[in-house]
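# Structure at a glance
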There are 2 protein chains.
Amino acid sequence: MAPIAPESKTKIVRSDNRAVYDRESIEKVLDSTFLCHVGFTIDGEARVIPTAYVRIDDAVYLHGHLKNQMLNALLDGQTASICITLTDGLVLARSGFKHSVNYRSVTLFGKAEKVADDEKAALLDAFVDFMVPGRSAALRKASQQELNATLVLRVPIDEAAAKIRTGPPLDKDPDYATHIWAGVVNLETRIRGIENCPKLNAGIEVPEHISKYVAQETIFD
Amino acid sequence: MAPIAPESKTKIVRSDNRAVYDRESIEKVLDSTFLCHVGFTIDGEARVIPTAYVRIDDAVYLHGHLKNQMLNALLDGQTASICITLTDGLVLARSGFKHSVNYRSVTLFGKAEKVADDEKAALLDAFVDFMVPGRSAALRKASQQELNATLVLRVPIDEAAAKIRTGPPLDKDPDYATHIWAGVVNLETRIRGIENCPKLNAGIEVPEHISKYVAQETIFD
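Let me begin by describing the structure that accompanies this report. (Residues numbered from 1 in each chain as written. Chains lettered and ligands numbered in written order. Predicted model: local features only at pLDDT ≥ 70, side-chain atom pairs only at ≥ 80, totals over all residues. Heavy atoms only, no water.)

## A short note on the packing of aromatic side chains
Residues and elements named next belong to chain A. In the structure shown here, the tally under the stated rule is 4 aromatic pairs over all chains. Between Phe-34 and Phe-220 the ring centres are 6.0 Å apart and the planes differ by 55°, which places this aromatic pair in the tilted class. Here the residue Phe-34 occupies a position in the loop between helix 1 (23-30) and strand 2 (35-42), and Phe-220 occupies one in the segment after helix 5 (208-214), the gap between them amounting to 186 residues. By relative accessible area, Phe-34 is classed as buried at 3%. Geometrically, the ring pair formed by Tyr-53 and Phe-130 is edge-to-face, given 5.4 Å between the ring centres and 65° between the ring planes. Linking Tyr-53 in the loop between strand 3 (45-52) and strand 4 (54-56) with Phe-130 in helix 3 (residues 117-131), this pair joins segments that are 77 residues apart in sequence. (Phe/Tyr/Trp six-rings, centres within 6.5 Å; stacked < 30°, edge-to-face > 60°. Helix = DSSP H or I, 4+ residues; strand = E, 2+ residues; numbered from the N terminus. Buried < 20%, exposed > 50% of the residue type's maximum accessible area, 1.4 Å probe, protein only.)

Okay, structure coming up:
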């Protein structure tokens, strides 16, 4: 990832103590999940859509149907705004004003470009492995028809910033003397279990890459 | 909420079996969490920012500092695009092409308007109670200075659609005959625990609204 400087779009003005611009912190958040919200415009109006992504080096990749409205809009020369957010806890202060959320988020900006046909198959595998490591090797390979029907975009990370809040509530000084309970309710995403496909053929065991994934106590960390 | 018809911005073209337009389903998703991603434009460029919201009747409300860039941008007459997404499971099919996610999401559109000064206090309480029911009654009330420093916007839900996917992978017919494992990894958000504020005065017990909240097995359901 190129050096990431806070430019006009990502310079965090308020709550500046939460701003993080170093590459390592930004990549760590980007690599903690697989779902982002993409901001784009159509006829000058903002739209937001959730979609899967994969980060590889200095770019994130998006994919979808060849006629996907968002992907095609992003190819008109506009700059995409992509946001990744993980919610870690509720910060319950002594006043409503000081209530907050412990979270990790990255906002990045870049101009999308179409990925060449001969790069698509490897990138689509990367999407799957970004969700569950080791999964793509276990799958039926993409057919030419599927590759033809899929558009993959590369969004180079031209500008990015992370915003991270951790720790207890920060109340106004006089409020610490009150008899109001304050603290943090920590949240986590867990795996509730796996359900075999009801059409699974007899004798197919849960493969190692799945049992390893499911053995994680929490995900998105 | 006004009758919600699929108009140009929210008509779901592909995966139409996932589209939901009835008010009850949309409200249920909106009331399952408190964090949204707001899409807006500045100088014609898209931006996305995560923020807390509260739904009341036919509108969602946003709040922040009086000089908050997003809130002020939304007051220039543009239409806000607001997206709420909950991730329920990884849908692991027999081909990468058919991999998917079980999720609940709502995208809504509306033109923001400033809330009158005398409505702010009640609305700010509503934000807190939307996160943790019963919390606002336990807090130090907002001061006039805090109210003056806070901007609250009402975004009437002019147009909205939910997209909900549940259930097992849907593979291409010939793939069901393969020896590839397929299924769903279900995810859930749980409360990991509560941490008292380190500056809590001696003798302050965890109040009932918190112990009740923490007793929930899962949240965002």
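## Concerning the pattern of salt bridges
Residues and elements named next belong to chain B. In total, this model carries 22 salt bridges over all chains according to the counting rule given. Between Asp-125 and Lys-141 there is a salt bridge, with its nearest N and O atoms 4.0 Å apart. With a gap of 16 residues between them, Asp-125 in helix 3 (residues 120-131) and Lys-141 in the loop between helix 3 and helix 4 (144-148) connect regions that are remote in the sequence. Overall, Asp-125 belongs to the partly exposed group, its relative accessible area being 28%. (Salt bridge = Lys/Arg side-chain N within 4 Å of Asp/Glu carboxyl O.)

## Quick look at unusual backbone geometry
All names here are of chain B. Unusually for a residue other than glycine, Asp-43 sits at a positive phi of about 50°. Here Asp-43 lies in the loop between strand 2 (35-42) and strand 3 (45-52). Residue Asp-43 is classed as exposed on the basis of its relative accessible area of 79%. At Phe-220, a residue that is not glycine, the phi angle is positive and equals roughly 65°. Taking relative accessible area as the criterion, Phe-220 reaches 15% and is therefore assigned buried.

## Focus on the interface of chain A and chain B
Between chain A and chain B, the contact holds 86 residues from the first and 86 residues from the second. Summing both sides of the interface, chain A and chain B together bury roughly 7400 Å²; the carbon and sulfur share of this comes to 61%. The largest contributions to the chain A side of the interface with chain B come from A:Arg140, A:Trp181 and A:Asn186, which together make up 10% of the buried area. Our enumeration of links across chain A and chain B arrives at 4 salt bridges. The salt bridge partner of A:Arg140 is B:Asp175, with a shortest N-O separation of 2.7 Å. Summed over the shared surface of chain A and chain B, the result is 38 residue pairs in polar contact (both at pLDDT 80 or more). Elements with a minimum of two residues in the side of chain A that touches chain B: strand 2, strand 3, strand 6 (80-92), strand 7 (100-110), helix 3, strand 11 (183-196) and helix 5 of chain A. No other element matches the 14 residues that strand 11 of chain A contributes to the side of chain A that touches chain B. (Contact = heavy atoms within 4.5 Å. Buried area = accessible area lost by both parts, 1.4 Å probe. Polar contact = N/O pair within 3.5 Å; in protein donor to acceptor, adjacent residues only side chain to side chain.)

## Let's talk about the relation of the copies chain A and chain B
Turning chain A through 180° and shifting it by 0.0 Å along the axis lays it on chain B, with an RMSD of 0.0 Å. Taken together, these values place the two copies in the relation of a two-fold axis. Considering only C-alpha atoms, the part of chain A nearest the rotation axis is A:Thr189, at 2.2 Å. The fraction of interface residues of chain A whose copies in chain B are also interface residues reaches 100%, indicating that both copies meet through the same surface. (Least-squares fit on C-alpha atoms with pLDDT ≥ 70 in both.)

## A closer look at helix 1 (residues 23-30) of chain B
Residue and element names in this part refer to chain B. Among all positions in helix 1, only Ile-26, Glu-27, Val-29 and Leu-30 are buried. For helix 1, the angular spread of buried residues about the axis comes to 160°, placing them on one side. Seen from the open side of helix 1, the exposed residues pointing more than 90 degrees away from its buried face are Glu-24 and Lys-28. Buried residues belonging to helix 1 abut strand 1 (19-20), strand 4 (54-56), strand 6 (80-92), strand 7 (100-110), helix 3 and strand 10 (159-165). (Arc of directions from axis to C-beta.)

## Here's the deal with the sheet that holds strand 9 (residues 150-156) of chain A
Residues and elements named next belong to chain A. If you walk across this open sheet you meet the 4 strands as 4-5-9-8, and the pairing is antiparallel. Looking at the sheet topology across the chains shown, the edges are occupied by strand 4 and strand 8 (113-114). Strand direction decides the pairing type here: strand 5 (residues 59-65) and strand 9, joined by 7 bridges, are antiparallel. Residue pairing for strand 9: His-63 is matched across the bridge by Val-152. (Pairing = 2+ DSSP bridges.)

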